[in-house]
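Structure assessment
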Amino acid sequence: MNLAQKKGSHTAQCKIVITSNQGVRGGRIFDLKSTVDNAVKSCPSVRHVFVAKRTNESMPMGKLDISLDEVMVGQSPVCAPEPMDSEEMLFMLYTSGSTGKPKGIVHTQAGYLLYASLTHQYVFDYTPGDVFGCVADIGWITGHSYVVYGPLCNGATSVLFESTPVYPNPGRYWETVQRLRINQFYGAPTAIRLLLKYEENWVKKYDRSSLKTLASVGEPINHEAWEWFHNVVGDGRCPLVDTWWQTETGGVCIAPLPAEPGAEIRPAMAMRPFFGIQPALLGEKGQIITGNDVSGALCISKPWPGMARTIFGDHQRFVDAYFKPYQGQYFTGDGAYRTEDGYYQITGRMDDVINISGHRLGTAEIEDALDEHPDVPETAVIGIPHEIKGEVPFAFVVLKESATENQRAVVEEMRHLVATKIAKYAVPDHFLVVKRLPKTRSGKIMRRILRKVAMQDTSNLGDISTLDDPSVVSEIIEAHKRYRSHAAKK
Ligand code: PRX
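These figures come from a predicted structure and were not determined experimentally.

Counting buried positions over the nine residues of strand 22 (residues 390–398) gives seven, a clear majority of the element. Following strand 21 (residues 378–386), the chain reverses through three residues before pairing antiparallel with strand 22. As judged from the five bridges shared by strand 22 and strand 23 (residues 430–434), these two strands associate in the parallel manner. Paired with Phe-394 across the bridge in strand 23 is His-430. After leaving strand 22, the chain enters helix 11 (residues 407–421) and then returns to the sheet as strand 23, a path that is right-handed.

Set out below in structure tokens:
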């Protein structure tokens, strides 16, 4: 079957949705069913909604709804395996790119499973009988590969974590490690940065002697977080591996192997490619950069089993996004530095994708949501560094003349739009209303300038001669100064 051309549609065309009546997280309860009900209204392809009862709250059941708990009673506990072609679709997962709608990344049966199980075994030093604790949300690729497919393929006991690191208190992770005797603990730097602000006793009072490997994923891990994770959580005795990979790569591509005899692990660095991965650094002119102590666009030169096969319904977009930027290479979207001794250190995204607490988001998606407001003709969103979340969105907003009196209300409405269209974490931390955006004569927004303004680093703005009207820059700097002094007074 040709997945890329299937149905000629660019969306999933799902027939069945599975949800819970409510979700429970960090002591709070969320109405999932009503969110699904609203979404399904605009999805004519959906025929059934299976509803699991997570809480005792009863929900009105509509025409499409089926109680999962009721239909499960009487089902056989055995499900005969179905033979599949190795290149059949296994799952599709949406992820963000720098432009347009999220992409439905397609992974297939054999290659993905092989890669998830092999990386699960080697990157985390898994041995049969270990209890594997990946605290990622199951709905993201990390949860797919290292809560579900990798561990289960290897017959591991896999921990399902359904809370936050600080509920009911900041000892939650380590209490879970003690109670379940977890051997491998895999988490995100954003959670570590949050936890290291609390007393060490929240870690120390729990028995962590079962821990064998610690691992980090999703964003660059800074030195302070790496050291705390290694020394306080792991008592300095467990290898801590920084694992670099993506939704598209299916499994870990760059990481040190903890069980490799005599191999060095350096703080805050993904270091070495996994078996079969051939990283390359590419220069601005598309040339392969050889030698060490060099930086460039991180590409992978040869295919590997776990790589995504297509974007569902849009193979051309797949080719354009990943294989066009550098001829003959898979382009990751990230930049990297190769150290003097040939190790890889990820330097961050090279496109308009930002990483908020490990959530990958295209700034264009936030802009699209903001632009839906009738009083907002134009916006530009950039990412700025944040101590705990890694990055947060900063929105520059142009309002219609008639709405300028009403700024506060419009900003509130924009917050609501982003929270409902995307998610709460995507709501910009800053909204700066400006008269116009800095654009080149060909109409392209010069985001570099916006980044410098937001970072208060305007002493050297670089070449602004291609701007349509360079006076816009001082206008925006002034607006930002007023914004800051207003924020300081609050
Ligand atoms: O920018 C890189 C960052 O997260 C991106 C992939 O995001 P996603 O597809 O949501 O998958 C996240 C979990 C695998 C990458 O392009 N990223 C991921 N891991 C690291 C990282 N950046 C630096 N260091 C990492 N270890």
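A sheet is described by the order of its strands in space; here five strands give the open sequence 14-13-15-17-18, paired in antiparallel fashion. Of all the strands in the sheet, the pair left with one neighbour each is strand 14 (288–289) and strand 18 (344–349). As paired elements, strand 13 (residues 279–282) and strand 14 share two bridges and run antiparallel to each other. Across the sheet, residue Leu-282 finds its bridge partner in strand 14, namely Ile-288.

What follows concerns the environment of Arg-54. Here Arg-54 is to be found in the loop between strand 4 (48–52) and strand 5 (65–67). Residue Arg-54 is classed as partly exposed on the basis of its relative accessible area, which comes to 37%. Linking Arg-54 and Ser-20, residues 34 residues apart in sequence, is a C-alpha distance of 5.9 Å. Those residues in contact with Arg-54, other than ones at most four positions away along the chain, are Ser-20, Asn-21, Gln-22, Val-24 and Glu-162.

Let us look at the site of the ligand. Around the ligand lies a shell of 17 residues, among which Asp-242, Thr-243, Thr-247, Asp-334 and Arg-360 are the nearest. Between the ligand and Gln-246, the relevant distance is 3.0 Å, taken from an oxygen atom to a side-chain nitrogen or oxygen of the residue. Between the ligand and Thr-247 there is a distance of 2.6 Å, counted from an oxygen atom to a side-chain nitrogen or oxygen. Within the residue set of the shell around the ligand, elements represented by two or more residues are helix 4 (141–153), strand 12 (240–243) and strand 18. Of the residues that constitute the shell around the ligand, the class distribution is six nonpolar, six polar and five charged.

As a further point, take the side chain of Thr-339. Among the secondary structure elements, Thr-339 is positioned in the loop between strand 17 (330–338) and strand 18. When residues no more than four places from it in sequence are discounted, the contact partners of Thr-339 are Arg-266, Met-269, Asn-292 and Asp-293.

In this section: unusual backbone geometry. Cis geometry is found at the peptide bond from Tyr-167 to Pro-168, where omega equals -5°. Within the element layout of this structure, Pro-168 appears in the loop between strand 9 (157–158) and helix 5 (172–180). Despite not being glycine, Asp-235 has its phi angle at roughly 50°, a positive value. As for its position among the elements, Asp-235 is in the loop between helix 8 (223–233) and strand 12. Using a relative accessible area of 41% as the deciding quantity, one classes Asp-235 as partly exposed. Of note in this structure, Ser-357 is not a glycine but carries a positive phi near 50°. Here Ser-357 shows up in the loop between strand 19 (353–356) and strand 20 (359–362).

Throughout the structure, instances matching the rule amount to one cavity of 30 Å³ or more. Here the largest cavity is characterised by a volume of approximately 30 Å³. Lining the largest cavity we find Glu-248, Trp-304, Met-307, Ala-308, Phe-318, Phe-323 and Tyr-330. The residue inventory of the lining of the largest cavity, partitioned by class, reads six nonpolar, no polar and one charged.

Within the structure shown, the criterion is met by 24 aromatic pairs. Clustering of aromatic rings is evident, with ring pairs tying together Phe-124, Phe-132, Tyr-146, Tyr-186 and Trp-245.

Further remarks concern the sheet that holds strand 5. With parallel pairing, three strands are arranged side by side in an open sheet as 1-4-5. Looking at strand neighbours, the two that pair on one side only are strand 1 (16–20) and strand 5, the edges of this open sheet. Looking at each pair of strands side by side, their axes are set apart by 25° on average, direction ignored. With five bridges joining them, strand 1 and strand 4 adopt parallel strand pairing. Its bridge partner being in strand 4, Ile-18 is matched across the sheet by Phe-50. Sitting on the sheet, helix 1 (residues 32–40) is in contact with strand 1, strand 4 and strand 5, with an inclination near 155° to strand 1.

About the thresholds
Position numbers for residues count from 1 along each chain, tracking the sequence in the order it is written. With pLDDT at 70 or above as the cut-off, local features in this predicted model cover only qualifying residues; side-chain atom pairs require 80 or more to be listed or tallied, and sums for whole chains, interfaces and linings still use all residues. Side-chain numbers here rest on the full set of heavy atoms in the structure, without hydrogens or water. Between buried and exposed lies partly exposed: a residue is buried under 20% and exposed over 50% of the maximum accessible area for its type, with that area taken using a 1.4 Å probe on protein chains only. A helix here means a DSSP run of H or I that spans at least four residues, while a strand means a run of E at least two residues long, and both kinds are numbered starting from the N terminus. Two strands form a pair only when DSSP identifies at least two bridges running between them. Here is how to tell: hold the view so the strands point away, follow the path from the first strand over the helix to the second, and if it runs clockwise the crossover is right-handed. Contact criterion: two residues are considered in contact whenever any of their non-hydrogen atoms come within 4.5 Å of each other. What makes a residue near a molecule or strand is one non-hydrogen atom of that residue sitting within 4 Å of it. Under the rule applied, a polar contact is a pair of N or O atoms within 3.5 Å (in protein, one hydrogen donor and one hydrogen acceptor; residues adjacent in sequence only if both atoms are side-chain atoms). The classification used treats Ala, Val, Leu, Ile, Met, Phe, Trp, Tyr, Cys and Pro as nonpolar, Asp, Glu, Lys and Arg as charged, and all other residues, Gly among them, as polar. Points on a 1 Å grid, built from protein atoms alone, make a cavity when a 1.4 Å probe fits but cannot get out and make a pocket when they are open with protein on both sides within 12 Å along at least 5 of 7 lines; residues with an atom within 4 Å of a point are the lining residues. Grid points are joined across faces, edges and corners, and a volume is the space filled by probe spheres set on the points. Aromatic rings from Phe, Tyr and Trp, with only the six-membered ring used for Trp, were paired whenever their centres fell within 6.5 Å, and each pair was classed as stacked if the ring planes differed by under 30 degrees, edge-to-face if by over 60, and tilted otherwise. The convention used is that axes are lines fitted to C-alpha atoms, helices contributing only their stretch in contact, and that angles between N-to-C directions extend from 0 to 180 degrees.

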